[in-house]
Amino acid sequence: MFAIDSKFPQAETTIFTIMSELAEQLQALNLSQGFPDFAPPQALLDAFKHVPDHLHQYAAGNGILPLRQKISEQYQDLHQISFDPIDEVTISAGATIAIYCIIQAFIHSGDEVIIFDPSYDSYAPSVQLAGGKSIHLPLQAPDFRVDWQQFKDALSNKTRMVIVNTPHNPTGQVWSKQDWLTLIELIRDKNILVLSDEVYEHLIFDGLTHYSVMDFPELQDRAFAVGSFGKSFHVTGWRTGYCVAKAPLMREMRQVYQFANFCGVHPCQIALTEFMTQHPEHLSQLSPFYQNKRDYFLQGLQNSRFKSVASSGTYFQLVDYSEIRDDLNDSEMCQWLARTHKIVGIPISVFYQQPPKTLRYVRFCFAKKEQTLAQAIDILSQC
Ligand code: GLN
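Residues numbered from 1 in each chain as written. Predicted model: local features only at pLDDT ≥ 70, side-chain atom pairs only at ≥ 80, totals over all residues. Heavy atoms only, no water.

Peer 1: What is the right way to read the pairing of strand β7 (residues 223–228) from this model?
Peer 2: Look at any regular strand and the pattern is simple: side chains alternate between the two faces of the sheet. For β7, a buried count of 6 out of 6 residues is recorded, marking the element as mostly surrounded by other parts of the structure. Covered by surrounding structure in β7 are A223, A225 and G227 together with F224, V226 and S228, the residues of both alternating faces. In this structure, strand β6 (residues 193–197) lies alongside β7, joined through 4 bridges in parallel fashion. Bridge pairing in β7 places D197 opposite V226. (Buried < 20%, exposed > 50% of the residue type's maximum accessible area, 1.4 Å probe, protein only. Helix = DSSP H or I, 4+ residues; strand = E, 2+ residues; numbered from the N terminus. Pairing = 2+ DSSP bridges.)

As structure tokens, then:
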């Protein structure tokens, strides 16, 4: 007799799948799941089409070396830190699996991992599957900054990891230098790894600086930074991400990754390398490109009843809907928007272990063509 003994009985389908399916089903405007609705750069598509016949088999397990070299150069240029492309850079099949493997590699049964809520929905399940325990610390609206006293109080002799996400999905907040310095002060004498999800590192607005975990020498020997080609090159479907860390840490991650996925997608890595070589200017154009979209969207919403604090990074904007339907929680609001107004966003309560009852925000993705944003503004102005 066979009986399923679920390791994951309470897990639900991710909100991104649910909301994108809802948009499809209702033929509604989809500003929920984060992905661009415009084409990737033509030169990148061309490079993909011209991948030589013999390069459609497995990639090197840790990623093709020329692409790892590109990432290494990028860290040298932007953060003045040197990562050896051989031992310290890994190309993965998306950032999510890199995050998953880092957690599996370092978290033992009973270890505690500090996560700031709202948090990306893969973190806590990954900790759970490793046998660890997530300690969720809420960021306080409307500015969603870390309460450092609360963080200090949450540290225990079981704390093994803290997961940082800057620029932050879903709030669009970015960590200041002072945030990092405070973190350093509080974990300096503790055996705690910093997993820094920086997949929106090149999308940062209003002249702010993206501080990577790797900008801080005190953290470099105990940190991973995770990045995403999907976000930076408009190719989320290519499932290609990366992580960097000092060799002894990377070795541990790779031991897990080789059995979880073996290698990333070879043709995508070839095309990205080619494109990055031809167009080194691409990355520095991303922030102004997305800032224009954010500004267009926010300007359009000025005469609506949605209120917002401008996002400082990522391609997400939170909007406060309390003037429109304060009677609805955010999941109900998203259903109402989808069914009544044919526009779909993401309720941010799903990113909390314990969502505050008064949360009245919806996340919209502005990685969209101007025409799509114009349609969204039109709809939202009528709510
Ligand atoms: N990172 C994207 C978002 O936040 C979605 C990724 C996914 O669909 N799993 O919308």
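After that view of the structure, there is still more to cover.
Peer 1: Help me understand helix α11 (residues 282–301) in this model?
Peer 2: An α-helix turns once every 3.6 residues. As a result, residues three or four positions apart point the same way. Taking 1.5 Å per residue as the helical rise, α11 with its 20 residues ought to reach 28 Å, and the 29 Å between its terminal C-alpha atoms agrees with that figure. Those residues of α11 that sit buried are H282, L283, L286, S287, Y290, K293, R294, F297, L298 and L301. Along the long axis of α11, the arc covered by the buried residues comes to 150°, so they all point the same way. The exposed residues of α11 that point more than 90 degrees off its buried face are S284, N292 and Q299. At its buried positions, α11 is contacted by α3 (65–79), α8 (229–232), α10 (266–278), β9 (316–320), β12 (361–365) and α14 (370–381). (Expected span 1.5 Å × (residues − 1). Arc of directions from axis to C-beta. Contact = heavy atoms within 4.5 Å.)

Peer 1: Teacher, can you tell me more about the sheet that holds strand β4 (residues 133–138) here?
Peer 2: Consider a sheet: its strands pair through backbone hydrogen bonds, and that pairing is either parallel or antiparallel. The 7 strands lie next to each other as β2-β8-β7-β6-β5-β3-β4, forming an open sheet whose pairing is mixed. Strands at the two margins of the open sheet, each flanked by one partner only, are β2 (89–92) and β4. Each strand axis lies, on average, 20° off the axis of its neighbour in the sheet, ignoring direction. Here 4 bridges tie β7 to strand β8 (residues 241–244), and the two strands are oriented antiparallel to one another. Bridge pairing in β8 links G227 to Y242. With respect to the sheet, helix α9 (residues 247–260) is in contact with β2, β6, β7 and β8, its orientation differing from that of β2 by roughly 25°. (Axes fitted to C-alpha atoms, helices over the stretch in contact; angles between N-to-C directions.)

Peer 1: Whenever I open this one, the confidence of the model for the chain confuses me. Can you help?
Peer 2: Close inspection of predicted coordinates is inappropriate in any region flagged by low pLDDT. Across the chain, the average pLDDT comes to 97, with 100% of residues at or above 70. Taken element by element, the chain is modelled with least confidence in helix α1 (residues 15–26), mean pLDDT 94, and with most confidence in β6, mean pLDDT 99. (pLDDT = per-residue confidence, 0-100.)

Peer 1: What is the right way to read the packing of aromatic side chains from this model?
Peer 2: How two aromatic rings sit relative to each other is set out by the distance from centre to centre and by the angle between their planes. Overall, the coordinates contain 28 aromatic pairs when judged by the stated rule. Geometrically, the ring pair formed by F106 and F224 is edge-to-face, given 5.7 Å between the ring centres and 65° between the ring planes. Of this pair, F106 sits in helix α4 (residues 95–106) while F224 sits in strand β7; the two residues are 118 residues apart in sequence, bridging distant segments of the chain. For F224, a relative accessible area of 0% corresponds to the buried category. Seen in terms of ring centroids, F116 and F151 are 6.0 Å apart; in terms of plane orientation they differ by 25°. Their pairing is stacked. Of this pair, F116 sits in strand β3 (residues 112–117) while F151 is found in helix α6 (residues 148–154), placing the two residues 35 residues apart along the sequence. What links up through ring pairs into an aromatic cluster is the set F116, W148, F151, W175, W180, Y211 and F216. A cation sits over an aromatic face here: R325 above W336, 5.2 Å from the ring centre. When the ring centre of F316 is taken as reference, the NZ or CZ atom of R363 above it lies at 3.5 Å. (Phe/Tyr/Trp six-rings, centres within 6.5 Å; stacked < 30°, edge-to-face > 60°. Lys NZ or Arg CZ within 6 Å of the ring centre and 35° of its normal.)

Peer 1: Help me out: how do you make sense of the side chain of D117 in this one?
Peer 2: Position of D117 among the secondary structure elements: in strand β3. Lacking a salt bridge, the buried D117 has R363 as its closest oppositely charged neighbour, with an N-O distance of 13 Å. Contact partners of D117, with chain neighbours within four places excluded, come to H136, L137, P138, L139, F351, Y352 and Q353. (Lys, Arg positive; Asp, Glu negative; His and termini not counted. Salt bridge = Lys/Arg side-chain N within 4 Å of Asp/Glu carboxyl O.)

Peer 1: It is not clear to me how the sheet that holds β9 should be interpreted in this structure. Could you clarify?
Peer 2: With respect to topology, 3 strands assemble into an open sheet ordered β9-β12-β11, the strand pairing being antiparallel. In the strand order of this sheet, the two ends are held by β9 and β11 (346–347), each with one partner. Summarising the sheet, β9 and β12 pair through 5 bridges and their orientation is antiparallel. Within β12, the residue paired with L318 across the bridge is R363.

Peer 1: How should I be thinking about the environment of A141 in this particular structure?
Peer 2: Counting through the fold element by element, A141 comes out in the loop between β4 and α6. C-alpha of A141 to C-alpha of S82: the two residues are 59 residues apart in sequence and 37 Å apart in space.

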